[in-house]
Each structure stands twice: as structure tokens, then as C-alpha cells.
Amino acid sequence: MRSKVVFARLLRNRQARYGAIALILLVALAYVGPYVGPYDWTDKDFLAFLSPPSADHWWGTTTIGQDMYAVTLRGMQKSIIIGLLVALISTGLAALVGAFAGYFGGWVDKVLMWGVDLLLVLPSFLIIAIVSPRLKGASWLWFVALLAAFTWMITSRVVRSMTLSLREREYVLAAVYMGIPRWKIIFRHIVPNLSSLLIIDATLNVSAAVIGEAALSFFGFGIQPPDVSLGTLIAEGSRNATGYPWLFAFPAGLLVVLVLSVNLLGDGLRDALDPGSNS
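Note that the structure is predicted; figures quoted are calculated from it, not measured.

A few words now on the overall build of the protein chain. The helix and strand tally for the protein chain stands at 12 helices and 0 strands. Seen in sequence order, the protein chain has helices and strands lined up from the N terminus as α-α-α-α-α-α-α-α-α-α-α-α. With 279 residues in all, the protein chain has 43% of them scored as buried. The long-range fraction of contacts in the protein chain, counting pairs at least 24 apart against all pairs at least 6 apart in sequence, stands at 69%. If you sum the accessible surface of the protein chain, you get close to 14500 Å²; carbon and sulfur atoms cover 68% of it. Side-chain charges of the protein chain comprise 21 positive and 16 negative groups, with the mean position of each set lying 12 Å from the other.

Encoded structure:
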């Protein structure tokens, strides 16, 4: 019943509708668009270096003759996957750490929150910048793990504070008296009642991860060649943005629209799940 009410609120929210439509179109473009284009992202046209947009190359070509349309969509695919994976990992980690710390309390709470405080004061960008070059040749999933490792701490503190209240509810106390193991109580009663917060956090973490990946890739610390992402394409295109604007405009434009659509959808979810948040 509550899900129907939330969905109805979401549909009434204009920003959420626009964000959802834009996001669906972008995902469709990223994963269906390559099958429509005439070139694969690995193809090279040695007769069209830095060619402007044309009937043959819709978004022009790169410095090595790659079709910009195909390469950009490949980069957007990678950025979307990274954003989703980072959001899932970081939100899941925040839920586990915060719920266990808040429910068990005592030394468990102290140890987990000490770890959270330590990660909060560490310079995440500097650490990722130092570690990333050492992972050259390794799977890009290591880069996802690095991004996720520094994006969950604030949420875990919020989850902990909410768990301190939830553990005193009647249904939680009843489960304790029935002899249900504590870890089952956390997964059956605590975490499900935090779903509103976690859904919003995961949605907003997608855009944060996409921006973080783009920033790190711009400075050469993210996705490594021969693979591409929107960040690597923006970094490459910025060097020739004035003379060959299509190298920069298409990946940068898609990045802006992608992040904006996810943020609009996240704001809409927040208002739908918590109607008092937009007052």
C-alpha cells in the first residue's frame, strides 16, 4: 500500500518525471545507440582524423580516427556502470556498519565508529590518486572499490542514529524476546525500516560516483586506456576544445545531463518518501 502511495507522489513530482525520462533516454542511448551507429568504438578511420560531425561520422572523429559517437557512448556505458556499482556497494556498506553499530552498541559501536571517523579524516582523493596508478593493468573493478570505500561514512552515521531509535520499538523487542538472533533482527526489522533513507542515498550516490570517476579520470587516475569513460574523454577533449569542440562538447554535455537527471530523480524520491522534506 505504501509503495503505491510513494509511486503516486513520484509521478506527481515534475522534477522526478523529467529526471526519470532523461535517465531512461540516456541509458537507452548508451546501450542501444551503439547498434544504430555505423562504427564500433574500437574502429579507426585512417582517412578521417579529427573530422568534424558529418553524415559518415555523426559526432566527428578523434585524433586517432575513432568515431566520436561510438566512443562517447562507450564512455557513458562505463560511467553508468561505475556509478551504479559504487552506489550499491557504498550504500550497502553504510547500512551494515551503521545498523550493527547502532544495534549492538558497546565495543562494537566504538570500533566501527572509530573506523568511520578514521576514514572521514583521510584525504580520499589523494589516496585514490596514489593507489590508482599502481593498479594499471588490473581490473577496473578495483577502481570501483576505491571509490566506494570513501563514500559511505556519512550515511553510516545517520543509519546508526536511526538504529538507536528503532531498536527500542515494540516489534524489535518482541523479536528479541522470541529468541530471534540479533543479526536476523537487523536484516528483517532494522534495515527494511531504513529503506527510504537507503534508496535516496543510493540514488544520490550514483551521481556522486559519476562525478568522482570523471574527476579522477580527468587527472589520469581513473579508467585506463584502451578503455574509456566520460572522464577520460573530457580530459582528452579539453586539450583541443577550442579547435575541435566536438571532442569536448559531446562527452561533457552527456555528463552534465546524466548527473542532472539522477539528481532530479533523487530529489523526487526524497520528496515522495518523506513528504515533509520539501516543505
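Further notes follow.
Attention now goes to a nonpolar patch on the surface. A cluster of nonpolar side chains, W114, L118, L120, V121, L122, I154, V158 and M162, forms an exposed patch at the surface whose accessible area comes to about 740 Å². Mapped onto the nonpolar patch, the elements with two or more residues apiece are helix 4 (106-121) and helix 7 (153-166). Within the secondary structure, L120 is located in helix 4. Among the residues examined, L120 registers a relative accessible area of 36% and is labelled partly exposed.

With that settled, consider the packing of aromatic side chains. Enumeration over the complete set of coordinates arrives at 9 aromatic pairs. On the basis of an interplanar angle of 75 degrees and a centroid distance of 5.6 Å, the ring pair of Y244 and W246 is categorised as edge-to-face. What makes W246 buried here is its relative accessible area of 11%. Taken together, the aromatic side chains of F100, Y103, F104, W183 and F187 make up a single cluster linked through ring pairs.

All chains considered together, the criterion is met by 6 salt bridges. Between R157 and D117 there is a salt bridge; the shortest N-O distance is 2.4 Å. Residue R157 is located in helix 7, and its partner D117 is located in helix 4; the two are separated by 40 residues in the primary sequence. We classify R157 as partly exposed; its relative accessible area is 31%. Since its relative accessible area comes to 33%, D117 is described here as partly exposed. One network of salt bridges, in which partners are shared, links R74, K78 and D227.

Turning to the packing of helix 3 (residues 68-104) against helix 6 (residues 141-149), a few remarks are in order. Angle between the axes and distance between the axes are the two parameters that describe a pair of packed helices. Where helix 3 meets helix 6, the axes come as close as 9 Å, and the angle between the chain directions of the two elements is 50 degrees. As judged from the angle between their axes, helix 3 and helix 6 are oblique. Once helix 3 is placed against helix 6, the crossing between them reads as right-handed. Each of I82, L85, V86, I89 and S90 in helix 3 lies in contact with helix 6, whose residues at this interface are L141, F143, V144, L147 and A148. Class assignment of the residues belonging to the contact of helix 3 with helix 6 gives a composition of 9 nonpolar, 1 polar and no charged.

So, about the confidence of the model for the protein chain. Scored by pLDDT, the protein chain comes out at a mean of 86, with 95% of its residues at no less than 70. The least confident element of the protein chain is helix 1 (residues 2-12), whose mean pLDDT is 75; the most confident is helix 3, at 93.

Considering the arrangement of structural elements, one finds D67 in the loop between helix 2 (14-36) and helix 3. The charged side chain of D67 is buried without a salt bridge, its nearest counter-charge being K44 at 13 Å. Here H57 takes part through its side chain, which lies 2.9 Å from a polar atom of the side chain of D67. The residues touching D67, leaving out its near neighbours within four places in the chain, are Y39, D43, D56, H57, W58 and G60.

Looking now at the nonpolar core. Ranked by size, the top nonpolar core spans 22 residues in total, and within it W59, M76, V210, L255 and L258 carry the most contacts. Those elements giving two or more residues to this core turn out to be helix 2, helix 3, helix 10 (195-218), helix 11 (230-238) and helix 12 (246-273). Contact partners of V210, with chain neighbours within four places excluded, come to S79, G83, L255, L258 and V259. Of all hydrophobic cores here, the second largest spans 13 residues; its members include A95, A175, I185 and V191.

Conventions adopted
Residues numbered from 1 in each chain as written. Predicted model: local features only at pLDDT ≥ 70, side-chain atom pairs only at ≥ 80, totals over all residues. Heavy atoms only, no water. Helix = DSSP H or I, 4+ residues; strand = E, 2+ residues; numbered from the N terminus. Buried < 20%, exposed > 50% of the residue type's maximum accessible area, 1.4 Å probe, protein only. Contact = heavy atoms within 4.5 Å. Areas by Shrake-Rupley, 256 points an atom, 1.4 Å probe, with all protein chains shown as cover. Lys, Arg positive; Asp, Glu negative; His and termini not counted. Charge placed at Lys NZ, Arg CZ, Asp CG, Glu CD. Patch = residues over 30% accessible without salt bridge, like charges linked within 9 Å, V, L, I, M, F, W, Y side chains within 5 Å. Salt bridge = Lys/Arg side-chain N within 4 Å of Asp/Glu carboxyl O. Phe/Tyr/Trp six-rings, centres within 6.5 Å; stacked < 30°, edge-to-face > 60°. Axes fitted to C-alpha atoms, helices over the stretch in contact; angles between N-to-C directions. Parallel < 35°, antiparallel > 145°, perpendicular 65-115°, else oblique. Left-handed = near helix turned anticlockwise from the far one by under 90°. Nonpolar A, V, L, I, M, F, W, Y, C, P; charged D, E, K, R; others polar. pLDDT = per-residue confidence, 0-100. Polar contact = N/O pair within 3.5 Å; in protein donor to acceptor, adjacent residues only side chain to side chain. Core = buried A, V, L, I, M, F, W, Y, C linked by side-chain atoms within 4.5 Å.

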